[in-house]
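Here are the chains, one letter per residue:
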Amino acid sequence: MTPPSIRRLARCHTPGCLAEDQTFEVTLYENVAEPKYIAVCGQCGGTITDLSEVVTEPST
């Protein structure tokens, strides 16, 4: 069984990081403890708490 997951936009704010202020779409899985969802920057290893919902355009 696959654990529950969500899609979010994550943004690293670590000064000097190569990915600083860039937004990436990520899949996050539920943590056992709080915070329920957490991301880690692939460049600097910093914790990312700036997570926002992925907004998709309705198809026509």
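Just above, that's the structure.
Okay, so let's go over this structure. Just so you know, these numbers come straight off a predicted model, no measurement behind them. (Residues numbered from 1 in each chain as written. Predicted model: local features only at pLDDT ≥ 70, side-chain atom pairs only at ≥ 80, totals over all residues. Heavy atoms only, no water.)

Counting secondary structure elements, the protein contains 0 helices and 5 strands. For the protein, the spread of C-alpha atoms along the three principal axes comes to 40 × 35 × 15 Å. Carbon and sulfur atoms make up 52% of the accessible area of the protein, which totals about 4,700 Å². Each charge class in the protein was averaged separately, 4 positive and 8 negative side chains, and the resulting centres sit 4 Å apart. (Helix = DSSP H or I, 4+ residues; strand = E, 2+ residues; numbered from the N terminus. Areas by Shrake-Rupley, 256 points an atom, 1.4 Å probe, with all protein chains shown as cover. Lys, Arg positive; Asp, Glu negative; His and termini not counted. Charge placed at Lys NZ, Arg CZ, Asp CG, Glu CD.)

Moving on to the nonpolar core. Core analysis: the biggest nonpolar cluster contains 9 residues, these being Ile-6, Ala-10, Cys-12, Cys-17, Ala-19, Leu-28, Ala-39, Cys-41 and Ile-48. Look past the residues within four positions of Ile-6 in its chain and what remains in contact with it is Val-26, Thr-27, Leu-28 and Tyr-37. (Core = buried A, V, L, I, M, F, W, Y, C linked by side-chain atoms within 4.5 Å. Buried < 20%, exposed > 50% of the residue type's maximum accessible area, 1.4 Å probe, protein only. Contact = heavy atoms within 4.5 Å.)

Attention shifts here to the pattern of salt bridges. In the structure shown here, the tally under the stated rule is 2 salt bridges. Close ionic contact of Arg-7 with Glu-25 constitutes a salt bridge, the shortest N to O distance being 3.1 Å. Taken together, the residues span a long stretch of sequence, with Arg-7 in strand β1 (residues 5-11) and Glu-25 in strand β2 (residues 23-29) at a distance of 18 residues. By relative accessible area, which is 39% here, Arg-7 ends up partly exposed. (Salt bridge = Lys/Arg side-chain N within 4 Å of Asp/Glu carboxyl O.)

Further remarks concern unusual backbone geometry. Here the bond from Glu-34 into Pro-35 is cis, since omega is -5°, no more than 30 degrees from zero. Checked against the element boundaries, Pro-35 lands in the loop between β2 and β3 (39-40). With phi around 65°, Asp-21 is a residue other than glycine that occupies positive phi space. Residue position: Asp-21 is located in the loop between β1 and β2.

None of this, on its own, says anything about what the molecule does.
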